[in-house]
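# A look at the structure
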Amino acid sequence: GNDQVRFELAYYALKPDIEVIAPWRIPEFYERFPGRQALLAYAAEKNIPVVQTVKKPWSTDENMFHISYEAGILEDPYCTPPKDMWKLTVDPEDAPNTPERISVSFEKGIPVKVVNHGDGTTITDPLQLFLYLNTVARRNGIGRIDIVENRFIGIKSRGCYETPGGTLLRAAHIDLEGLVLDRQVRSLRDQFITPQFSQLLYNGQYYSPECEFLSASLLESQKTVTGEVKLKLYKGNVIIEGRKSDTVKLYDMEESSMDVQGGFSPVDSDGFIKILGIRLKKWKKSAL
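My aim in this report is to walk through the structure given alongside it, one point at a time. (Residues numbered from 1 in each chain as written. Predicted model: local features only at pLDDT ≥ 70, side-chain atom pairs only at ≥ 80, totals over all residues. Heavy atoms only, no water.)

## So, the overall build of the protein
Looking only at helices and strands, one finds nine helices and nine strands in the protein. Relative to the 2.2 N^0.38 estimate, which gives 19 Å for 288 residues, the radius of gyration of the protein is 25 Å and therefore markedly larger than a compact globule would have. Each principal axis of the C-alpha distribution contributes one length, and for the protein these read about 85 × 55 × 45 Å. Here the protein, with 288 residues, has 32% of them falling under the buried criterion. Within the protein, contacts between residues at least 6 apart in sequence are counted, and of these 56% link residues at least 24 apart. Approximately 19200 Å² of the protein is accessible, and the part contributed by carbon and sulfur atoms is 58%. Positive and negative side-chain charges of the protein, numbering 36 and 39 respectively, have mean locations separated by a distance of 5 Å. (Helix = DSSP H or I, 4+ residues; strand = E, 2+ residues; numbered from the N terminus. Rg over C-alpha atoms; globule rule 2.2 N^0.38 Å. Buried < 20%, exposed > 50% of the residue type's maximum accessible area, 1.4 Å probe, protein only. Contact = heavy atoms within 4.5 Å. Areas by Shrake-Rupley, 256 points an atom, 1.4 Å probe, with all protein chains shown as cover. Lys, Arg positive; Asp, Glu negative; His and termini not counted. Charge placed at Lys NZ, Arg CZ, Asp CG, Glu CD.)

Shown next as structure tokens:
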């Protein structure tokens, strides 16, 4: 899969003279253990403790950010994941019937504060902030996805993922960008930088000159992403309820108002629309 590529390319980039020994690619190993069932049988024979079982043979990879589930019965993309597979989040149907409301504050794209409006909890430490978002997202059933993706080597793969706190941060961050990020900057970033950066990460090219270049561009795009976003968490849903920025003023209520005349006259739109219409008129006439 992709993980062997990601790990080893990182090792080589950080320490070029390292030697990687991967038993799974050594014939004596993969001929002795051709699949997961053989590995489980060997573990049982030698009393080696493993989380997986014959009845629950899916593999899991877990870190602070998320957990993934693959293989076993999940290899059938039509098979619904069993309820007891999910480890990090409660089933949305079993989540509380009362919404939980929080706000997340960012400075230059980095989350710096979380406030729970129900119990007054306020956290600013970066690590504790993320762990707390994991906690509130988990108990509200937020962060599950079930997708079929394209592996680096060209094979499609079905994977189930739980990313509780990360789901909250992504929703809040994207929404705040709509308020404080210049539209052309955001458009260029999303068209050219984000897709390439995502592909490099997926393919294990994080420590590469091109990724270093794109990382600098992403940081540049976050200079104005400072503000606060209000979120409602309810049964697997992240609902944006408001956003504000005290430092970046790209949004002007009077300019946007339908009740107040803004910074330009309605007459100004007349010439603007006529100029935009020149090309369309010519195209229509030429097609007749």
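Back to the text.
## A short note on the pairing of strand E4 (residues 110-116)
Bridge count for strand E3 (residues 100-107) against E4 is six bridges, and the pairing is antiparallel. Looking at E4, one finds that isoleucine 102 is bridged to asparagine 116. The turn linking E3 back onto E4 is made up of two residues, and lysine 108 within it adopts a positive phi angle of 50°. Here E4 folds back onto strand E5 (residues 122-123), and the loop between the two strands holds five residues, one of which, glycine 120, carries a positive phi near 80°. (Pairing = 2+ DSSP bridges.)

## Regarding the pattern of salt bridges
Summed over all chains, the structure comprises 16 salt bridges. Between aspartate 190 and arginine 189 there is a salt bridge whose closest N-O contact spans 2.5 Å. The partly exposed category is assigned to aspartate 190, whose relative accessible area is 37%. What makes arginine 189 buried here is its relative accessible area of 8%. (Salt bridge = Lys/Arg side-chain N within 4 Å of Asp/Glu carboxyl O.)

## Notes on the environment of leucine 218
Residue position: leucine 218 is located in helix H7 (residues 209-221). On a C-alpha basis, the gap between leucine 218 and isoleucine 153 in space is 27 Å, while along the polypeptide they are 65 residues apart. When sequence neighbours within four positions are dropped, the list of residues in contact with leucine 218 reads Arg189, Ile193, Thr194 and Phe197.

## Topic: H7
Between its first and last C-alpha atoms H7 spans 19 Å; for 13 residues at 1.5 Å apiece the expected length is 18 Å, and the two agree. Restricting attention to buried positions, one finds in H7 the residues Cys211, Leu214, Leu218 and Ser221. Taken down its axis, H7 places every buried residue within 75° of arc, on the same side. Along H7, exposed side chains directed more than 90 degrees from the buried face belong to Pro209, Glu212, Phe213 and Leu219. Considering only its buried residues, H7 is in contact with helix H6 (183-202). (Expected span 1.5 Å × (residues − 1). Arc of directions from axis to C-beta.)

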